[in-house]
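# Descriptive structure summary
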Amino acid sequence: RASHADGIPRGWRRLRSFDGFADESDFSEAAAWCQRPTAGMLPRAVDRTKPRRGGALAILRDVSTSMHGLNAKYASSLALRVIELARRRKMRVGLIEYSDEVTKLQPPDGFFSRDYASLFTFARRLQCGGLTNYEA
């Protein structure tokens, strides 16, 4: 988790400086500290954190003949949008296309990758063919 000003209050932490003294500190501890200031021992403050971004996401796309035309364009644009959202959240993405055979994008850093350029290039492909084989 990373500290963030608009995160959910998840506990307490010690203030390191007077920045945020009025906004973040525990009021009762701040009042007590003001009556008897202690060097190097500021009052507690609300610890607001957000989860670190990341994780992994797999995209499976049907590229059989039934997906030819508008369906292929829709599936491609949806995959591109999902990859863009994953890029913003610094998530790793894996991409698989299937019809008669399975085609897996395999960037140098592994199946789940942050190589967004390769992912975008692969997701833009509109080639369709073959039958849908769920067991491939």
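Structure shown above.
Values in this document were obtained by computation on a predicted structure and should not be read as measured data. (Residues numbered from 1 in each chain as written. Predicted model: local features only at pLDDT ≥ 70, side-chain atom pairs only at ≥ 80, totals over all residues. Heavy atoms only, no water.)

For the rest of this paragraph, the subject is the sheet that holds strand 3 (residues 56–62). Across the sheet, 3 strands lie side by side as 3-4-5; this open sheet has mixed pairing. Bordering the open sheet on either side are strand 3 and strand 5 (102–104), each of which pairs with just one other strand. Looking at each pair of strands side by side, their axes are set apart by 20° on average, direction ignored. As defined by bridge partners, strand 3 adjoins strand 4 (residues 92–98) across 7 bridges and the pair is classed as parallel. Bridge pairing links D62 to Y98 in strand 4. Against the sheet, helix 3 (residues 70–88) contacts strand 3 and strand 4, and its axis sits at roughly 175° relative to strand 3. Across the sheet, helix 4 (residues 116–123) is in contact with strand 3, strand 4 and strand 5; its angle to strand 4 comes to roughly 25°. (Pairing = 2+ DSSP bridges. Helix = DSSP H or I, 4+ residues; strand = E, 2+ residues; numbered from the N terminus. Axes fitted to C-alpha atoms, helices over the stretch in contact; angles between N-to-C directions. Contact = heavy atoms within 4.5 Å.)

Examined against the element boundaries, D115 turns out to sit in the loop between strand 5 and helix 4. Taking relative accessible area as the criterion, D115 reaches 24% and is therefore assigned partly exposed. Sequence separation of D115 and R87 is 28 residues, and the distance between their C-alpha atoms is 9.3 Å. (Buried < 20%, exposed > 50% of the residue type's maximum accessible area, 1.4 Å probe, protein only.)

Time to look at empty space enclosed by the protein. The full count for this structure, using the stated rule, is 1 cavity of 30 Å³ or more. Estimates place the volume of the largest cavity at around 30 Å³. Residue lining of the largest cavity: R61, D62, V63, M67, A72, A75, R125 and C128, and that is the complete set. For the lining of the largest cavity, the class distribution of residues is 5 nonpolar, no polar and 3 charged. (1 Å grid on protein atoms, 1.4 Å probe; cavity = no way out; pocket = protein on both sides within 12 Å on 5 of 7 lines; lining within 4 Å. Points joined across faces, edges and corners; volume = space filled by probe spheres on them. Nonpolar A, V, L, I, M, F, W, Y, C, P; charged D, E, K, R; others polar.)

Time to look at the environment of N71. Mapped onto the elements of the fold, N71 is located in helix 3. Note: C-alpha distance between N71 and L126 (55 residues apart in sequence) is 9.5 Å.

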